[in-house]
Amino acid sequence: MGAPFLIGEAMTGGYGAGPDILHDCTIAVDPGEIAVIVGPNGAGKSTGMKAVFGMLTLRKGSVRLNGEDITALTPQARVGKGMGFVPQTSNIFTSMTVEENLEMGAFIRRDDFSDTMAQVYDLFPILKEKRLQPAGELSGGQRQQVAVGRALMTQPSVLMLDEPTAGVSPIVMDELFDRIIEVARTGISILMVEQNARQALEIADKGYVLVQGRNAHTGTGKDLLADEQVRRSFLGG
Amino acid sequence: MIDLLNALVVLGNFVIVPAVSYGAQLALGALGVTLIYGILRFSNFAHGDTMAFGTMAVILTTWGLQSIGIGFGPLPTALLALPVGIAVTAALMLGTDRLVYRFYRRAKAVPVTFVIASLGVMFVMNGLVRFIIGPDDQRFADGERFLISARDFRTLTGLDEGLAIRTTQVITVVVAVIVVAALFWFLNKTRTGKSMRAFSDNEDLALLSGINPERVVVITWLIVAALATIAGTLYGLDKSFKPFTYFQLLLPIFAAAIVGGLGSPLGAIAGGFVIAFAEVTITYPLKKVLGYLLPEAWEPASLVQLLSTDYKFAVSFVILLIVLLFRPTGLFAGKSV
């Protein structure tokens, strides 16, 4: 097996000139795979993902996409390279319609993106119904669909999701996970941070348990779910 | 019945027609303020003087055109001079942005720093305008003065009261409608306009989507320069141009933008008309209107002028206070101040 498609390897760093939050942390994902970062509060889960996306300064380590070193690129440049990012909060344009949100997602594309928009509408049929409504008027789960849809508009090869199910009901959460699996089936790599560790690991090909900015456990989702120590410490038995 | 018509005509002549054109001028001014607030995220105190600068550029161009014998028939020559005025003002705006605001943007300064910086810009522009054209009153309206004069209206209708509609008032309203329609089309239908709204809505996500902030800033200044120049020129045509008056316009313009909801273009327009109608109605002596409407015995002895015109700014101020106290986000739910 060769090097992973996207890998943040041995990352050490923090926000700006602040103290290090990540210590020698490695996160990787392959095409069509779902990789999930879980761990206790303050473990640096979101920070780890932001590091992969270039939102903090790395003092050590590197990020490589498809073999290319992208450590020095800005987040915007990484979007151009095929990475899509859905922030945890403020991840939609609330005053704009659903359709305009998707158009803004495709802002860097100069070609005709109506096909991609149709695909997003196929994936999230409710968005097609509400496409002329301001996105701020939608429910929490629908907003998350808009946010994911916006990120898909650039046709990314990697989609990064920061707690996509934060603040939605369990039913909506299951539905969102189903959609995320569907996205992964189209060949897009998914890297996501999740609070709902058990459900997330159930759909994960790869799981990373972070503790205090370090890799505590790494394995397939199934392995981690079966691991006695992981169960005891993070999954509540 | 005739009394009622006469009352309506008096009201139309002295309140409605002037308030509509004044409201349109305020709305255009407030649109500029609200765009800067929504996209660049600060209250631009230099806006009144930007309008003065733009109008000055238009006046100088008008004089130039007149001296070589170019006119616009029955319409004011200033309309022909508008594009030049807009271009000069746009250059000044972009220069100011490069010289002043960009520095603070890169330093990620807090909004209040921008406000104070804009205050400095205001003083510089203030001086610049007075230096070039002087502090005095300038009249630059030419062409046909009336669309319909009070005398013509009286002979036409046989009523006792006349309704005069000045060409500049009609031009104000027509130009304002065209400008507003164009602006809304741009903001809602074009890719660039949408990217400006996206930037105003959620700056971080706009950056993530690949929207170039510097480009948004440049286009915002261009639009603001055009709005300020047009608003100032229409006001100057309708009344007269005096730098100090334009500086004073800052209050009703800000009141209009805040009443409508800062950051909301639709609100700026509504706010402009609210302020204009309030100001004109409250400072106009309503004796004549009431004289026609009420029985003779009830005819008011006083002028029924609620406020002297010297205090007209108090009207904007009071409305501003009421809105800030009871509905801080304005009529159209803009950003709270």
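Criteria and cut-off values
Residues numbered from 1 in each chain as written. Chains lettered and ligands numbered in written order. Predicted model: local features only at pLDDT ≥ 70, side-chain atom pairs only at ≥ 80, totals over all residues. Helix = DSSP H or I, 4+ residues; strand = E, 2+ residues; numbered from the N terminus. Buried ≥ 20, exposed ≤ 12 C-beta atoms within 10 Å, placed from the backbone. Contact = placed C-beta atoms within 7 Å. Domains from an automatic or database assignment. Nonpolar A, V, L, I, M, F, W, Y, C, P; charged D, E, K, R; others polar. pLDDT = per-residue confidence, 0-100. Pairing = 2+ DSSP bridges. Axes fitted to C-alpha atoms, helices over the stretch in contact; angles between N-to-C directions.

1. A short note on the overall build of chain B
When helices and strands are counted, chain B shows 14 helices and two strands. Taking the principal axes of the C-alpha coordinates as reference, chain B spans close to 70 × 55 × 35 Å. Out of the 337 residues belonging to chain B, those deemed buried represent 45%. For chain B, the proportion of contacts with a sequence separation of at least 24, taken over those separated by at least 6, is 76%.

2. Examining the domain arrangement of chain A
All names here are of chain A. When the domains of chain A are assigned, the result is domain 1 (6-82 + 156-234) and domain 2 (92-151). Summarising the inter-unit geometry, the C-alpha centres of domain 1 and domain 2 are found 24 Å apart. When residues in the side of domain 1 that touches domain 2 are grouped by element, the largest group, five residues, is from helix 7 (residues 170-185). A class-by-class count of the residues in the side of domain 1 that touches domain 2 yields seven nonpolar, two polar and three charged.

3. Here we look at the confidence of the model for chain B
Counting all residues, the mean pLDDT for chain B is 92, and 99% of those residues have values of 70 or more. Both scores are given for the predicted complex: the pTM is 0.89, the ipTM 0.88.

4. Points about the sheet that holds strand 8 (residues 189-193) of chain A
All names here are of chain A. Spatial strand order, 6-7-8-3-9-10: six strands in an open sheet with mixed pairing. The open sheet has two free edges, formed respectively by strand 6 (83-86) and strand 10 (214-219), since each of these has just one partner strand. Taken pair by pair, the neighbouring strands of this sheet meet at an average axis angle of 15°, ignoring direction. With four bridges connecting them, strand 3 (residues 34-38) and strand 9 (residues 206-211) associate as parallel partners. Paired with isoleucine 37 across the strands is tyrosine 208, a residue of strand 9. Helix 6 (residues 140-152) rests against strand 6 and strand 7 (158-162) of the sheet, and its axis sits at about 160° to strand 6.

5. Topic: the interface of chain B and chain A
Counting from both sides, the interface comprises 13 residues of chain B and, opposite them, 16 residues of chain A. Sorting the residues of the side of chain B that touches chain A by element identifies helix 7 (191-201) and helix 8 (203-208) of chain B as the ones contributing at least two each. Within the side of chain B that touches chain A, the residues separate by chemical class into five nonpolar, four polar and four charged.

6. With respect to the confidence of the model for chain A
Per-residue pLDDT for chain A has a mean of 91; in total, 98% of the residues score no lower than 70. Ranking the elements of chain A by mean pLDDT puts helix 10 (residues 228-234) of chain A last with 82 and helix 3 (residues 98-105) of chain A first with 96.

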